[in-house]
2 protein chains.
Amino acid sequence: MITHPTTPDTALWVHAHPRPGSFNDLLFREGTRALAPRWTVTTSDLYGQGFDPVSRASDLGDLADTPGNFAEQAGTAYERGQLPAEVQAEQAKLAAAELLVLQFPLWWYGPPAILKGWFDRVLTAGFAFGEMDPDLGVPRRYGDGPLAGRRALVVVTAGEDARSIGPRGISGDLESLLFPLTHGVLWYVGIDTLDLHVVHDADALKADDVEREVARLRSRLAGVGTEEPRRYRRLRDGDYQGTRALHADLLPDRTDLGIHLAADR
Amino acid sequence: MITHPTTPDTALWVHAHPRPGSFNDLLFREGTRALAPRWTVTTSDLYGQGFDPVSRASDLGDLADTPGNFAEQAGTAYERGQLPAEVQAEQAKLAAAELLVLQFPLWWYGPPAILKGWFDRVLTAGFAFGEMDPDLGVPRRYGDGPLAGRRALVVVTAGEDARSIGPRGISGDLESLLFPLTHGVLWYVGIDTLDLHVVHDADALKADDVEREVARLRSRLAGVGTEEPRRYRRLRDGDYQGTRALHADLLPDRTDLGIHLAADR
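Since the model is a prediction, treat every value here as computed from it, not as a measurement. (Residues numbered from 1 in each chain as written. Chains lettered and ligands numbered in written order. Predicted model: local features only at pLDDT ≥ 70, side-chain atom pairs only at ≥ 80, totals over all residues. Heavy atoms only, no water.)

Engineer: Can you walk me through the overall build of chain A in this structure?
Structural biologist: Summing up its helical and strand segments, chain A has seven helices and six strands in all. What you see in chain A, going N to C, is helices and strands ordered as β-α-β-α-α-β-α-β-α-α-β-β-α. Rg of the C-alpha trace for chain A: 19 Å, near the compact-globule value of 18 Å for 265 residues, within the 12% margin. Each of the three principal axes of chain A carries a C-alpha extent, and together these read 55 × 50 × 35 Å. Restricting the contact set of chain A to residue pairs at least 6 apart, pairs at least 24 apart contribute 73%. Accessible surface, chain A: about 10500 Å² in total, of which carbon and sulfur atoms supply 51%. (Helix = DSSP H or I, 4+ residues; strand = E, 2+ residues; numbered from the N terminus. Rg over C-alpha atoms; globule rule 2.2 N^0.38 Å. Contact = heavy atoms within 4.5 Å. Areas by Shrake-Rupley, 256 points an atom, 1.4 Å probe, with all protein chains shown as cover.)

Engineer: Could you clarify how one ought to interpret the relation of the copies chain B and chain A in this entry?
Structural biologist: Copy one and copy two of the chain differ by a rotation about an axis and a translation along that axis. Each copy of the sequence occupies a distinct position, and chain B is placed on chain A by a rotation of 180° and an axial shift of 0.0 Å, giving an RMSD of 0.0 Å. What we have between these two chains is a two-fold relation. When you check the interface residues of chain B against chain A, 99% turn up at the interface there too, and the contact is symmetric in its surfaces. (Least-squares fit on C-alpha atoms with pLDDT ≥ 70 in both.)

Engineer: Just to check I follow, could you spell out the nonpolar core for this structure?
Structural biologist: Taken as a class, soluble globular proteins show a tendency for nonpolar side chains to be buried jointly. By size, the foremost hydrophobic cluster in this structure holds 118 residues, and its most contacted members are Leu100 and Trp118 of chain A together with Leu100 and Trp118 of chain B. Non-local contacts of Leu100 of chain A, meaning those with residues more than four positions away in its chain, are made with Leu12, Val14, Leu94, Trp118, Arg151, Ala152, Leu153, Leu186 and Ile191 of chain A. (Core = buried A, V, L, I, M, F, W, Y, C linked by side-chain atoms within 4.5 Å. Buried < 20%, exposed > 50% of the residue type's maximum accessible area, 1.4 Å probe, protein only.)

Engineer: In this structure, what is going on with helix H7 (residues 207–222) of chain A? I would like to understand it.
Structural biologist: Every α-helical turn comprises 3.6 residues, leaving residues that sit three or four positions apart pointing alike. Residue and element names in this part refer to chain A. When the terminal C-alpha atoms of H7 are compared, their 23 Å separation across 16 residues agrees well with the 22 Å that a helix rising 1.5 Å per residue should span. Three or more residues of H7 are buried, namely Asp209, Glu213, Val214, Leu217, Arg220 and Leu221. Viewed along the axis of H7, the buried residues span an arc of 135°, placing them on a single side of the element. Facing away from the buried side of H7, by more than 90 degrees, are the exposed residues Ala207, Asp208, Glu211, Ser219 and Ala222. Contacts made by the buried residues of H7 are with strand E1 (10–15), helix H1 (23–35), strand E4 (151–157) and strand E6 (197–199). (Expected span 1.5 Å × (residues − 1). Arc of directions from axis to C-beta.)

In structure tokens:
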């Protein structure tokens, strides 16, 4: 079974805001500082390091010009050690981390492209998913896989208020809007997510709001190592077995994305 | 009231797959060809043209180094004609189009970064949203705004099968996964969306499957100008007025994203 060993007490903070001196930049600096006494903190300041988010054929090494399935070929390039150095470096940081923090402003109801592309390029087959589960006959994923055992905190700043992106909010509730990230990316590759850390009305913060938000983040981070994650249902637990959809006898009246949360939370 | 006039019978096809010769590339070539008798087709082959999806301070012209709200400053740069030529060119193509086709492979349950960044960079304040509605006292959006009156077809290829991304599917249902795009991007700026055009199991298509999918797309495109769009609720219609969430008396038992569809469909 493929498992990437973590380095104890190591955290990776991925930051995706374009502007030094911004509120997001402040949260990044204060947040990484707040973690430092307890954690060895590595960072991926995607704008600062000029990360290229575009997954392209040149990522595939020898296979760049070979027709075939792009995602599978990325897995082969990973196994052959042919992924670009920039991608390998991000994989190494993620593999080592026990704690992953993803921090970004909500742009068009999702992560900025530079962070979306970090998932596209870094989470390749072989590295993050794809190994078969010998018992189930399907790939290890959704709570399982080479990156299982890690936890992630998503820190997101939103221009909208808590009502607009809350339950039944006009823009959709943030839990659903970020389901492709918390469940589709993180849980898919085995990473537990903590409850979202959201800053609402982030474009209208006054000086004392900023101070309060920094304090709230510091306080959240102080307990991040022991906080109980909210878990989605595990593929291994059988709730989807044979149907690939949630069994009809589980929460039969619901179609919202919350049905994928494990029942024990 | 700001409105961008369309050029009659003009379609813009935005294509976001890295590989010439791929199944997606075939759909792009066949699809644009199928539109040609009825529409004047412009294209944005994002990989082909080397589109840069990273929204950064250098997009802001004079304001690149001025502290302030990034999205607002992009609006100012738009008004001053200082956005990069690459962004202005995409805005001009989108402004002219009556029909928008967005075609992409589903990567990590959303659009590839190169397409996400097309939204981030091209749909600036001023161009796509931000004007106040004098009656409502809020910005014109969700069915209203400078780009209203257009229609969009989302063509998406997915490696997963119809059950996995169908209702209650293990990966979340595709309608919800793409809600940030269909509602959060398109409907926000006033663009009606047609029902999704989905190719399932796209990594496992045999030659006759490919032929069938090309024919199905051509057939869909033949009627795309007269197809009834599925509309989300309009901000102007008052279903969220005063609460920014769907009024408690509308579909009171539901919390899924489908509540935002207009009741008449």
